[in-house]
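Breakdown of the fold
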Amino acid sequence: MTRRGALLTVLGGLSATLAAGGLYGFWIEPTYRLRVAEYRLRPPGWPADRALTIAALSDIHANEPFMPLERVQEIVEATNALRPDLVVLLGDYLGNARFIRRVIPAAETAQVLRGLRAPHGVHTVLGNHDWWEDPQAQRFRRGPPRMARQLADAGLSVLHNAAVKTGFRGQGFWVAGLGSLWAFNEGEGRYLGANDLGRTLAGVTDRDPVILLSHEPDIFPQVPAGRVALTLCGHTHGGQVRLGGWSPIVPSAFGNRYAHGHVVEEGKHMVVSGGLGTSLLPVRLGVPPEITLVRLGGVG
């Protein structure tokens, strides 16, 4: 083989590899893959002998063709098959990005999500896109947005700077839900939040453990140590492209520090879900869509 022929062979192989990688990242991984990312934790704020399994779904971004209702139904069925004790939805149910044909209306997505089942209920918070896609909420800087009403109409618990008690007698716990830190888009990368952590935790009226839901993980440094057993977040999509545990772009002031997975700081525990859908571009590479499964307590 001549040097020119060898070079053409190498370039041809490189082109084929890049094409295959593009196909995988822009279609196969984001559209067809679904994994369970499981974490077994014993945070100090949770009774070690009390077992609780939490299924967290985040960043569905329902749209056609990348996250159609059939795909959302598949996720619901896969979640129910795990038989969680508690299901939490961490926001961004709406999808509006490049290359999509149709944004699926909030009511249609909510009707599919109503099929989720768990003994301690299905509790939801709102994400920034649920606010941004509501022109009235953006115009008047007031909420909650219409996505909250659609979720409530479907029979789901919507927590906006509020807390609710659940659990069995003698083994109760609180689920507290925070408003979005990026609720109002001010433009040029500036956002105004609808979050009120003080008001949220003021709804907790006894010393039973607290699980805090927040769409964005950037609230974590403000979470009081010793009062919240676990913080669950989404928003980052795990960076959406993540190679070797690092993502080039993370929508967080803390960058890769809060991009994905289990974070422990100052004795506090947080799990950031890699989420299910996509935003801006329909690409996922190295961070497949996930059902985040957290097992608290009852483990060695």
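Residues numbered from 1 in each chain as written. Predicted model: local features only at pLDDT ≥ 70, side-chain atom pairs only at ≥ 80, totals over all residues. Heavy atoms only, no water.

Some details on helix H6 (residues 146-153)
Where H6 is concerned, the buried positions are Met147, Ala148 and Leu151. Looking straight down H6, one finds that the buried residues subtend no more than 105 degrees of arc, so they occupy a single side. On the buried face of H6, the contacting elements are helix H3 (106-113), strand E6 (122-124), helix H4 (128-132) and strand E7 (157-158). Of the residues one or two after H6, Gly155 is the one with positive phi, at around 90 degrees. (Buried < 20%, exposed > 50% of the residue type's maximum accessible area, 1.4 Å probe, protein only. Helix = DSSP H or I, 4+ residues; strand = E, 2+ residues; numbered from the N terminus. Arc of directions from axis to C-beta. Contact = heavy atoms within 4.5 Å.)

A few points about the packing of H3 against H6
Running from N to C, H3 and H6 cross one another at 35 degrees; their axes reach a closest spacing of 8 Å. H3 and H6 meet at a crossing whose hand is right-handed. Across from Ala106, Ala107, Ala110 and Leu113 in H3, the residues of H6 making contact are Met147, Gln150 and Leu151. Looking at the contact of H3 with H6 residue by residue, the class counts come to six nonpolar, one polar and no charged. (Axes fitted to C-alpha atoms, helices over the stretch in contact; angles between N-to-C directions. Left-handed = near helix turned anticlockwise from the far one by under 90°. Nonpolar A, V, L, I, M, F, W, Y, C, P; charged D, E, K, R; others polar.)

Some words on the packing of helix H2 (residues 69-81) against H3
Viewed as axis vectors pointing N to C, H2 and H3 meet at an angle of 25 degrees, and their least axial separation amounts to 9 Å. Considered as vectors, H2 and H3 are oriented roughly parallel to each other. For the element pair H2 and H3, the recorded crossing hand is right-handed. Every residue of H3 that contacts H2 at Leu69, Val72, Gln73 and Val76 is listed here: Glu108, Thr109, Val112 and Leu113. Looking at the contact of H2 with H3 residue by residue, the class counts come to five nonpolar, two polar and one charged. (Parallel < 35°, antiparallel > 145°, perpendicular 65-115°, else oblique.)

With respect to the pattern of salt bridges
Taken as a whole, this structure holds eleven salt bridges when the rule is applied. Its salt-bridge partner being Arg102, residue Glu108 comes within 3.0 Å of it at the nearest N-O pair. Under the relative-accessibility criterion, Glu108 is labelled partly exposed at 31%. The residue Glu265 makes a salt bridge to Arg257 at a minimum N-O spacing of 2.8 Å. The class for Glu265 is buried, based on a relative accessible area of 19%. (Salt bridge = Lys/Arg side-chain N within 4 Å of Asp/Glu carboxyl O.)

Quick word on the environment of Val112
Topologically, Val112 is positioned in helix H3. The buried category is assigned to Val112, whose relative accessible area is 14%. Leaving out residues up to four positions away in the same chain, Val112 has contacts with Leu69, Val72, Gln73 and Val76.

Thoughts on the nonpolar core
Within the largest apolar cluster, 34 residues are counted, with the highest numbers of intra-cluster contacts made by Ile60, Leu89, Tyr93, Leu113, Leu116, Met147 and Leu151. Secondary-structure elements contributing two or more residues to this core are strand E2 (52-57), H2, strand E4 (86-89), H3, H6 and strand E16 (290-296). Per-element accounting of this core gives the leading share, four residues, to H3. Each residue touching Leu151, except ones within four places of it in the same chain, is listed here: Tyr93, Ala110, Leu113, Thr124, Leu126, Leu156 and Val158. If you look at the next biggest cluster of nonpolar residues, it comprises 22 residues, including Trp46, Phe173, Val294 and Leu296. (Core = buried A, V, L, I, M, F, W, Y, C linked by side-chain atoms within 4.5 Å.)

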